[in-house]
Number of protein chains: 2
Amino acid sequence: MLDSTRENLSADDVERLRSIYEPLTKSVRELIDATIRTEADADAVTAAKAEIDSATARLRVRQLDGPVGLRFIAEGERMPWGNVVVGTRNPVAPPLVVNHDPSGQVWANFHLGAAYEGPPGHVHGGVSAMVLDHMLGEVASDFDNPRFTGTITVRYLRATPLGPLHAAAEVVRTEGVKAFAVGHIADKEGITAEAEGVFIMPRWARS
Amino acid sequence: MLDSTRENLSADDVERLRSIYEPLTKSVRELIDATIRTEADADAVTAAKAEIDSATARLRVRQLDGPVGLRFIAEGERMPWGNVVVGTRNPVAPPLVVNHDPSGQVWANFHLGAAYEGPPGHVHGGVSAMVLDHMLGEVASDFDNPRFTGTITVRYLRATPLGPLHAAAEVVRTEGVKAFAVGHIADKEGITAEAEGVFIMPRWARS
C-alpha cells in the first residue's frame, strides 16, 4: 500500500475522502483534549476506553501498511494529509492552515489547547519550534523547489500562552539551492518567539 | 479547578490515578495511529466516529477547566502529566521517558510513528526540534533550578526516519542563571540532528 502514496487522485476523489475522514479526525482531536482534561471516575473511563478500542478495531480492518506520505491530485497539488503540523487527517496536527500572500509571506491563525502544553498554561517551547520550522520551510519551498531545514535557530522572547496564536514567515534571500527565511509566533500582545533558518533543496530535486 | 494543579498528591493517589488514566491514554494513541492510516469505508468510519464521540462525552462529564499543568507528589516530585513530549496522560506525547545518568547526561529511547510524519516516511523536522528542545531543557534544569529555553539552534545532518530513535543531551557549562546544553537525535545508523541552546532560569525562580 505504500505505493498508494504516489497515486493521482481526482478532485472528486479528494472531496469524497475528505468528507469521510475529516469529521473522524476532528472527533479524535476532541477526544485527545477530553483524555487529557478528564476527571471522570474509573467506571466511566473503562466504558470510554472500550468504545475507543472498538473504534480503533473498526478503522484497522483496512489500513495503509505505513504512514500516509504525500498524496497527489491529478493536477499535481500535494496533499500532506498525515503531516503532524498541517495534516487534516492527523489528529495530532492543530492543524495549521497556511495562507500564502501575494507578497510571498506565509501566515496562519491557529489555536493551541491542552494537548500542546509545556510550562503550566503555556505552549511547550518545542511546539513553538515545530510550528516555526514548518512555517519557515513552507515559505522557503515552492512546487518546483522543495527545500528542507538545514539549520534553524529559535529565540524565545517570553512564554507563549495556550490559546489563539498567529505565525508568519518570509524568505529574506536565496543563494542557489539555499533559501534564508525568518518568522515569528505572536499572541494578541505581540511576538513571543522568532526564528531564522536556512533551507536547502535536496539533491534529488536539483535537476 | 486550575488550583488543583498545585495540590499535593500522595504516592497512593498517583498510583490510583495512573492505573485509571494511563491505559486510556494508550488506547487513544492507538486510535490516533489508526485514524491516520485507515482506509475503512464510510459506514465503518461513521460507526467509529459515533463511538469516539460517545467516549468523549463520558470523559467530559467531569473535567479540568483548563490544561493539566503540573501536579506535585507530597514529597515534591513534579508530575507533568499533560506535557506534549513526556506527558503520560497526553496522547499527543510519544511519550519520551527521560533517563538521568549519574554523569549528568539525559537520554531516551523512543518510537515515532505515522503521527509524527513530515517528509514521506520521515520525522517532521519540527518534531526533531521539539524533542531536542525538551531534552536540552530537561538536562539544563534540576529541581532547585528550573530553566527555560532562551535560544536553541538545530542542525539537520540528514532526514530522520520514522521508527525507533535515541536522543541524548548534556550541559556543557553554566553561567549564573544560564546553562548551555547540547544534544542529538540518532537512528541506528548514527546522528541525524543535533542541537545547542542556552537555557535561562526564570525571574520567579531566582534567589
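The model shown is predicted, which means the values in this text are computed figures rather than measured ones.

Cut-off values and rules
Residues numbered from 1 in each chain as written. Chains lettered and ligands numbered in written order. Predicted model: local features only at pLDDT ≥ 70, side-chain atom pairs only at ≥ 80, totals over all residues. Heavy atoms only, no water. Helix = DSSP H or I, 4+ residues; strand = E, 2+ residues; numbered from the N terminus. Buried < 20%, exposed > 50% of the residue type's maximum accessible area, 1.4 Å probe, protein only. Contact = heavy atoms within 4.5 Å. Areas by Shrake-Rupley, 256 points an atom, 1.4 Å probe, with all protein chains shown as cover. Lys, Arg positive; Asp, Glu negative; His and termini not counted. Charge placed at Lys NZ, Arg CZ, Asp CG, Glu CD. Least-squares fit on C-alpha atoms with pLDDT ≥ 70 in both. Expected span 1.5 Å × (residues − 1). Salt bridge = Lys/Arg side-chain N within 4 Å of Asp/Glu carboxyl O. Polar contact = N/O pair within 3.5 Å; in protein donor to acceptor, adjacent residues only side chain to side chain. Buried area = accessible area lost by both parts, 1.4 Å probe. Nonpolar A, V, L, I, M, F, W, Y, C, P; charged D, E, K, R; others polar. Pairing = 2+ DSSP bridges. Phe/Tyr/Trp six-rings, centres within 6.5 Å; stacked < 30°, edge-to-face > 60°. Lys NZ or Arg CZ within 6 Å of the ring centre and 35° of its normal. pLDDT = per-residue confidence, 0-100.

(A) Highlighting the overall build of chain A. What chain A contains, in helices and strands, is three helices and nine strands. Reading the helices (α) and strands (β) of chain A from amino to carboxyl end gives β-α-α-β-β-β-β-α-β-β-β-β. Principal-axis analysis of the C-alpha atoms gives chain A an extent of 60 × 45 × 25 Å. For chain A, the proportion of its 207 residues judged to be buried stands at 55%. The long-range share in chain A, meaning contacts at least 24 apart out of those at least 6 apart in sequence, stands at 62%. Accessible surface, chain A as shown: approximately 9,100 Å² in total, 52% of it carbon and sulfur. Charged side chains in chain A number 21 positive and 28 negative. The centres of these two groups are separated by 5 Å.

(B) Seen up close, the relation of the copies chain B and chain A. Each copy of the sequence occupies a distinct position, and chain B is placed on chain A by a rotation of 180° and an axial shift of 0.0 Å, giving an RMSD of 0.0 Å. What the superposition gives is, in effect, a two-fold axis relating one chain to the other. Within chain B, T153 of chain B has its C-alpha nearest the rotation axis, a separation of 2.1 Å. The fraction of interface residues of chain B whose copies in chain A are also interface residues reaches 100%, indicating that both copies meet through the same surface.

(C) Examining helix α3 (residues 125-140) of chain A more closely. Counted at 1.5 Å a residue, the expected span for α3 of chain A with its 16 residues is 22 Å, and the 22 Å between its end C-alpha atoms agrees. Most of α3 of chain A sits out of view: 15 of its 16 residues are buried.

(D) Here's a closer look at the side chain of D133 of chain B. Counting through the fold element by element, D133 of chain B comes out in helix α3 (residues 125-140). Within the buried set, D133 of chain B has no salt-bridge partner at all; the shortest N-O distance to an opposite charge, 13 Å, is to R155 of chain A. A polar contact of 3.0 Å, which involves the side chain of D133 of chain B, links it to the backbone nitrogen of G126 of chain A.

(E) Quick look at the interface of chain B and chain A. The interface is formed by 78 residues belonging to chain B together with 78 residues belonging to chain A. Here chain B packs against chain A, burying approximately 7,100 Å² in sum over the two surfaces, 61% of which is carbon and sulfur. Three residues stand out in chain B for area buried against chain A, namely R37, E39 and E51 of chain B, and they jointly supply 10% of the buried area on that side. Counting every contact that joins chain B to chain A gives six salt bridges. Put simply, E30 of chain A and R60 of chain B hold a salt bridge, and the shortest N to O gap is 2.8 Å. Taken together, the links from chain B to chain A amount to 49 residue pairs in polar contact (both at pLDDT 80 or more). At the level of secondary structure, the elements contributing two or more residues to the side of chain B that touches chain A comprise α1 (11-37), α2 (42-60), α3 and β6 (148-156) of chain B. Class assignment of the residues belonging to the side of chain B that touches chain A gives a composition of 40 nonpolar, 22 polar and 16 charged. In the sheet, strand β6 (residues 148-156) of chain A pairs with β6 of chain B via five bridges, with the strands oriented antiparallel. Its bridge partner being in β6 of chain B, T151 of chain A is matched across the sheet by R155 of chain B.

(F) Here's a closer look at the environment of H166 of chain A. Residue and element names in this part refer to chain A. Along the polypeptide, H166 turns up in strand β7 (residues 163-175). For H166, a relative accessible area of 27% puts it in the partly exposed group. Along the sequence, H166 and A108 sit 58 residues apart, while their C-alpha atoms lie 5.7 Å from each other. Dropping the residues within four chain positions of it, H166 is found in contact with W107, A108, N109, F110, H184, I185 and A186.

(G) Region of the structure containing the sheet that holds strand β5 (residues 106-112) of chain A. Sheet architecture is open: 12 strands sit in the order β4(A)-β5(A)-β7(A)-β8(A)-β9(A)-β6(A)-β6(B)-β9(B)-β8(B)-β7(B)-β5(B)-β4(B), paired in antiparallel fashion. Looking at which strands have only one partner, the edges of the open sheet turn out to be β4 (99-100) of chain A together with β4 (99-100) of chain B. Of the strand pairs in this sheet, β4 of chain B and strand β5 (residues 106-112) of chain B are connected by two bridges, and their pairing is antiparallel. Its bridge partner lying in β5 of chain B, H100 of chain B is registered against V106 of chain B.

(H) Region of interest: the pattern of salt bridges. Residue and element names in this part refer to chain A. One pass over the full model with this rule turns up 22 salt bridges over all chains. The partner of E194 in a salt bridge is R155, with the nearest N and O atoms 3.4 Å apart. You can see E194 sitting in strand β9 (residues 190-200) and its partner R155 sitting in strand β6, a full 39 residues away along the chain. Judged by relative accessible area, which is 26%, E194 ranks as partly exposed.

(I) Spotlight on the packing of aromatic side chains. Applying the stated rule across the entire model yields zero aromatic pairs over all chains. Seen from the ring of Y21 of chain B, R89 of chain B lies directly overhead, with NZ or CZ sitting 3.9 Å from the centre.

(J) Local environment of the pairing of strand β7 (residues 163-175) of chain B. All names here are of chain B. Direction of pairing for β5 relative to β7: antiparallel, over a ladder of seven bridges. When the bridges of β7 are listed, F110 appears paired with L165. As paired elements, β7 and strand β8 (residues 178-187) share nine bridges and run antiparallel to each other. What sits directly across from A167, in β8, is I185.

(K) Representation of the confidence of the model for chain A within the structure. Residues and elements named next belong to chain A. Averaged over chain A, the pLDDT score is 91; the fraction of residues at 70 or greater is 92%. This model gives residues 1-5 a pLDDT under 50, and the stretch forms 13 contacts once residues within four places in sequence are excluded. Predicted complex metrics record ipTM = 0.94 and pTM = 0.94.

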